[in-house]
Amino acid sequence: MGASLPPKEANLFKLIVKSYETKQYKKGLKAADTILKKYPNHGETLSMKGLTLNCMDRKSEAYELVRLGLKNDLKSHVCWHVYGLLYRSDREYREAVKCYRNALRIDPDNIEILRDLSLLQAQIRDLAGFVETRQQLLTLKPNHRMNWIGFAVAHHLNLNASKAIDILEAYEGTLENDYPPENERLEHGEMLLYKVSLLEECDMVEKALNELHKKNHKIVDKLSYKEAEVSLLVKLDRLDEGEKLYRALLSMNPDNYSYYEGLQKCLGLYSESAVYSSNEIEQLEALYKSLGLQYTWSSAVKRIPLDFLNAEKFCEAADNYIRPLLAKGVPSLFSDLSPLYDHPGKADILEELALNIERSLKTSGVFPGREDKEPPSTLMWTLFYLAQNYDRRGQIDIALNKIDEAIEHTPTVIDLYSIKSRILKHGGDLAAAAALADEARCMDLADRCANSDCVKRMLQADQVSLAEKTAVLFTKDGEQHNNLHDMQCMWYELASGESYFRQGEIGRALKKFLAVEKHYADITEDQFDFHSYCLRKMTLRAYIDMLKFQDRLHSHPYFRKAAAGAVRCYIMLYDSPPKSAAEEDDEMAKLPASQKKKIRQKQRKAVARTKKEAEVKSEESSVNVSKSGKRVVKPVDPDPHGEKLLQVEDPLLEATKYLKLLQRHSPDSLETHLLSFEVHMRRHKILLALQALKQLFRLDAENRDSHCCLIRFFHKVASMPAPATDAEKLIRSVLDAEQPNFSQLHGKSLVEANTLFLEKHKDSLMHRAAAAEMLYFIEPNKKAEAIKLIEDSTNNGGSYKWKLKDCIAVHKIVGKISDDHAVASRWKVRCCEYFPFSTYFEGCKSSVVTRNKVQDTPVYGSINHQEADQSAVPLSSNGTVENIEALKNLVI
């Protein structure tokens, strides 16, 4: 390092390296300049200067200097190493690996370069290379514990767990009998537990148990020891010993559900499907009764029996479980019991229990069959539970009556307003839901949960600007939405993106969705530091779990929503590209003078509003003084509205990038293949569209969207011209060979297949709408027949009960099929009866209709599923509803 320099300059070079490591960049830069005055072409100094500049956010100069340094000294491992570090800082890992390999050709035994290379190989999952590099490090430094462990972990990740075990045993052979010393006991114990997990993974269960017992005195984490031991005992079918150990674990933590599940397995009383015989139920009941006497304070031991008990026994157990929680005032009671509503008959029992308690509390102030008076709040929490019960069961009217009664009883409880807001959202009145959530927020301005709930409701009502102002109340120093991005607040960005998408603001929607995608890239990057940390600290089991989590990171629902949202934005951008200035001028010229004047006024207002927002954000993004007294420069977003994101030559090509991620990480999601079908149909990639269609039918052949895609695809195939080229003939042969694989088309025309689909699903509204849509698609002259198919649908209840979102979707389908407003109006009037609180259908109890009945009362503006009139909501300067009594009148 700096070997070609005289002693004085060589010492200065060492100072550059030390300054870089201690982050004293200005000092290092000064030393580099001193050397370069005498030796301007010294490659290693140029490279180190470039690396220092890179840390000072002067990237273009950094790359220029490092490349110049490498050019001047191609045979310096330092120059290649620095070039790799530069690429690594920009997340160009594969390029960095190439640079490190070039450095190792010059200095093959350089420990530092080998260590850096191994970290990159673990990051990019070059597992074969990772094994090779860790072996080199072990060969060079066999007395270093981390090299042994790293080599074992490398083999484990490379799916060679048996070799990893051999390496760990070889490492243990190098240790003294009295190892480890007191200060290393925890790390050594973690290594032993990791070895046991490897033995278990290799199905050497007996050996793993023996190893665990043998090294018991060296393992510090006794809880993990017991959990590993009981897992091995169950696998060895030593259930009696397993039972004793699970009971011991329960004495340590009687609220751990997995211990109860393990105990049931040991007793032969566990079923994956949760279906038990009457004899098994009796045994389980006796088990939990004895455990309940032993652990009287445990909630799990009281809650678990509700999953398997039935009829009268369930009623008794549920009653005993509910009463203390109502008296105590536990707001999460309904969330706890919510899974039971999927069990046949249990929802009715729970509802009847709550109603009996309500009647008894109202008449005598005590629980049924009791004499002790309950506090007044017990009635309020009972009404709170009942409101959620009726909301869950779709009885919005009764739910609102119960929650209003609870609010009248105790008007100061925030949870009551939050739940009423949720009920109104389910009823379809999004503006009223947002206003009530805001009222709940204002009752406790320090409650972050209430604030987040309010923001969520505002975004659902498409009140984006108001939601943003509310959200930033909890950001650092009151900063704007950039802080929400820095906090990786993904639920907010997804909800904002969906809202912008509904309003047709594709640029802003795309910006929000891509921001979430960037968060996942950052999370992937964040694992880098743990590759060395976990090996050093010996947290090996957690490290392996973290790597497995990272490998499936992009299958997380948030990423799936963001990627799907981005694809939908690009599809819409392809279908409706932004008009050029010339096209807009041509359209303007055709309009009458009065309309031109109105449009120009709107444009001037929009420009003024945008300018004002930019000025406000510019002030907020200027230099600020933090609490510590330091001046902080806030970055300015160069593209706040996502306009640059819309300037893409091929939107479908951009969509394909995110589509590939969805196909790789979410192959079992129906939405993935629906989007794939839409993109490839637009790109005229017939075989890729066929592939997507086959995946749809693999996942759900009876789904309405699968049926629509089938009809659209083969309708397109039928309209394709006769193949002329060899490629077209090959595609046609593939299509002819694949068509018989779709049983729906066996010997049938598309019209017959559509009719058969309708007959099969005649009771389902969405399936009837799909059949009607496809009938109109195949035969446009049968518009009246298609409309009749939809209008003949009946709301039979049960599993085919109409849902609000389905009825809104059908209303849009009706609009596509027929341009007759009377047809759409008929459907709207019909749905209005089923959904009286829906503003989309202008239900008789919705805020959009009630405002016409309330004189001189500030009320909500019209809001539907697509947009919200924020200006119609009476708000104070901090975004609160000024007249809550008017709100109550509107929504009761």
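This is a predicted model, so every value here is computed, not measured.

## Comments concerning the overall build of the chain
Helix and strand counts for the chain stand at 47 helices and two strands. Burial analysis of the chain (892 residues in total) assigns 48% to the buried set.

## Brief notes about the packing of helix 36 (residues 651-665) against helix 37 (residues 670-682)
Relative placement of two packed helices is described by the angle separating their axes and the distance separating the axes. Put simply, helix 36 and helix 37 touch, their axes get as near as 10 Å, and they point 150 degrees apart. Relative to helix 37, the element helix 36 is oriented roughly antiparallel. You can see that helix 36 and helix 37 cross each other, and the crossing is left-handed. Of the residues in helix 37, those touching helix 36 at Leu652, Ala655, Thr656, Leu659, Leu662 and Gln663 are Thr672, Leu675, Ser676, Val679, His680 and Arg682. Considered class by class, the residues forming the contact of helix 36 with helix 37 number six nonpolar, five polar and one charged.

## Observations regarding the nonpolar core
Core analysis: the biggest nonpolar cluster contains 115 residues, and Ile149, Val153, Tyr260, Tyr288, Leu291, Leu337 and Leu350 have the highest contact counts within it. Among all residues touching Leu350, those that are not within four sequence positions of it are Phe314, Ala318, Ile322, Leu337, Leu340, Tyr341 and Tyr385. Residues Ala689, Leu693, Ala824 and Phe841 belong to the second largest nonpolar core, which totals 53 residues.

## Some remarks on the packing of helix 4 (residues 59-72) against helix 5 (residues 77-89)
Two numbers describe how helix 4 lies on helix 5: the axes approach to 9 Å, and their chain directions differ by 155 degrees. Between helix 4 and helix 5, the crossing angle belongs to the class labelled roughly antiparallel. With respect to the hand of their crossing, helix 4 and helix 5 are arranged in left-handed fashion. Across the interface between the two elements, Lys59, Ala62, Tyr63, Val66, Arg67, Gly69 and Leu70 of helix 4 pack against Cys79, Trp80, Val82, Tyr83, Leu86, Tyr87 and Ser89 of helix 5. When grouped by side-chain class, the residues that make up the contact of helix 4 with helix 5 number ten nonpolar, two polar and two charged.

## Re the side chain of His673
Here His673 is to be found in helix 37. Setting aside residues no more than four positions away along its own chain, His673 makes contact with Pro667, Ala692, Gln695, Leu696, Arg698 and Leu699.

## Some thoughts on the state of the cysteines
Under the defined criterion, the tally for this structure stands at zero disulfides. Counting only cysteine sulfurs, Cys709 is the nearest neighbor of Cys708, a cysteine outside any disulfide, at a range of 6.9 Å. Assessed through its relative accessible area of 7%, Cys708 is described here as buried.

## Digging into the packing of aromatic side chains
Inspection of the entire model under this criterion finds 23 aromatic pairs. Aromatic pair Trp148 and Tyr171: ring centres 6.1 Å apart, planes at 40 degrees, arrangement tilted. With Trp148 in helix 9 (residues 145-157) and Tyr171 in helix 10 (residues 161-173), the pair connects residues that are 23 residues apart, well separated along the chain. With respect to class, Trp148 is no different from Tyr171; both count as buried. An angle of 75 degrees between the planes, with centres 5.6 Å apart, marks the rings of Phe714 and Phe742 as edge-to-face. Of the two residues, Phe714 sits in helix 39 (residues 704-718) while Phe742 sits in the loop between helix 40 (726-738) and helix 41 (750-760), which places them 28 residues apart along the sequence. Residue class for Phe714 comes out buried when judged on its relative accessible area of 5%.

## Quick look at unusual backbone geometry
Following Tyr179, the chain continues into Pro180 via a peptide bond in cis, with omega recorded as 5 degrees. The topology assignment puts Pro180 in the loop between helix 10 and helix 11 (185-201). Residue Ala274 is not a glycine yet carries a positive backbone phi of 60 degrees. Structurally, the position occupied by Ala274 is in the loop between helix 15 (257-266) and helix 16 (278-294).

## A few points about the pattern of salt bridges
Across all of its chains, the model carries 54 salt bridges by this definition. Each of Glu169, Glu172, Lys195, Lys207, Glu211 and Lys215 takes part in one network of salt bridges that share partners.

## Brief notes about the confidence of the model for the chain
Within the chain, residue pLDDT values average 88, and 88% of them lie at 70 or more. Low confidence marks residues 855-892, where pLDDT is under 50. Its contacts with residues over four positions away, or in another chain, come to 90 contacts.

## Observations regarding the environment of Cys454
Among the structural elements, Cys454 can be located in helix 26 (residues 448-460). For Cys454, a relative accessible area of 0% gives the class buried. Sequence separation between Cys454 and Glu439 is 15 residues, and the spatial gap between their C-alpha atoms is 8.6 Å. Excluding anything up to four places from it in sequence, Cys454 contacts Ala437, Asp438, Arg441 and Thr470.

## A closer look at helix 7 (residues 111-123)
Compared with the 18 Å implied by 1.5 Å per residue over 13 residues, the 19 Å span of helix 7 between its first and last C-alpha is a close match. Of all 13 residues making up helix 7, ten are buried, and the element is well covered by its neighbours. Every buried residue belonging to helix 7 is among Ile113, Leu114, Asp116, Leu117, Ser118, Leu119, Leu120, Gln121, Ala122 and Gln123, and all of these are buried. In this structure, the buried residues of helix 7 make contact with helix 5, helix 6 (93-106), helix 8 (127-140), helix 30 (506-526), helix 31 (530-537) and helix 32 (540-551). Of the residues that open helix 7, the one with a side-chain oxygen 3.1 Å from the backbone nitrogen of Glu112 is Asn110. Positive phi appears at Arg125, one or two residues downstream of helix 7, with a value of about 60 degrees.

## Focus on helix 36
An ideal rise of 1.5 Å per residue puts 21 Å on 15 residues; helix 36 measures up with 22 Å between its terminal C-alpha atoms. Within the sequence span of helix 36, burial applies to Pro651, Leu652, Glu654, Ala655, Thr656, Tyr658, Leu659, Leu661, Leu662 and His665. Buried positions along helix 36 lie against helix 30, helix 32, helix 33 (557-575) and helix 37.

## As for the side chain of Ser764
Structurally, Ser764 is set in the loop between helix 41 and helix 42 (765-778). Of note is the side chain of Ser764, whose polar atom sits 2.7 Å from the side chain of His767.

## Looking at the environment of Asp522
Looking at the secondary structure, you find Asp522 in helix 30. A relative accessible area of 13% means that Asp522 is categorised as buried. Linking Asp522 and Gln488, residues 34 residues apart in sequence, is a C-alpha distance of 9.7 Å. Contact partners of Asp522, with chain neighbours within four places excluded, come to Arg91 and Gln488.

## Looking at the environment of Val78
The topology assignment puts Val78 in helix 5. Taking C-alpha positions, Val78 is 6.3 Å from Glu44, a pair spaced 34 residues apart along the chain.

So, how was this worked out
- Residues numbered from 1 in each chain as written.
- Predicted model: local features only at pLDDT ≥ 70, side-chain atom pairs only at ≥ 80, totals over all residues.
- Heavy atoms only, no water.
- Helix = DSSP H or I, 4+ residues; strand = E, 2+ residues; numbered from the N terminus.
- Buried < 20%, exposed > 50% of the residue type's maximum accessible area, 1.4 Å probe, protein only.
- Axes fitted to C-alpha atoms, helices over the stretch in contact; angles between N-to-C directions.
- Parallel < 35°, antiparallel > 145°, perpendicular 65-115°, else oblique.
- Left-handed = near helix turned anticlockwise from the far one by under 90°.
- Contact = heavy atoms within 4.5 Å.
- Nonpolar A, V, L, I, M, F, W, Y, C, P; charged D, E, K, R; others polar.
- Core = buried A, V, L, I, M, F, W, Y, C linked by side-chain atoms within 4.5 Å.
- Disulfide = S-S within 2.5 Å.
- Phe/Tyr/Trp six-rings, centres within 6.5 Å; stacked < 30°, edge-to-face > 60°.
- Salt bridge = Lys/Arg side-chain N within 4 Å of Asp/Glu carboxyl O.
- pLDDT = per-residue confidence, 0-100.
- Expected span 1.5 Å × (residues − 1).
- Polar contact = N/O pair within 3.5 Å; in protein donor to acceptor, adjacent residues only side chain to side chain.

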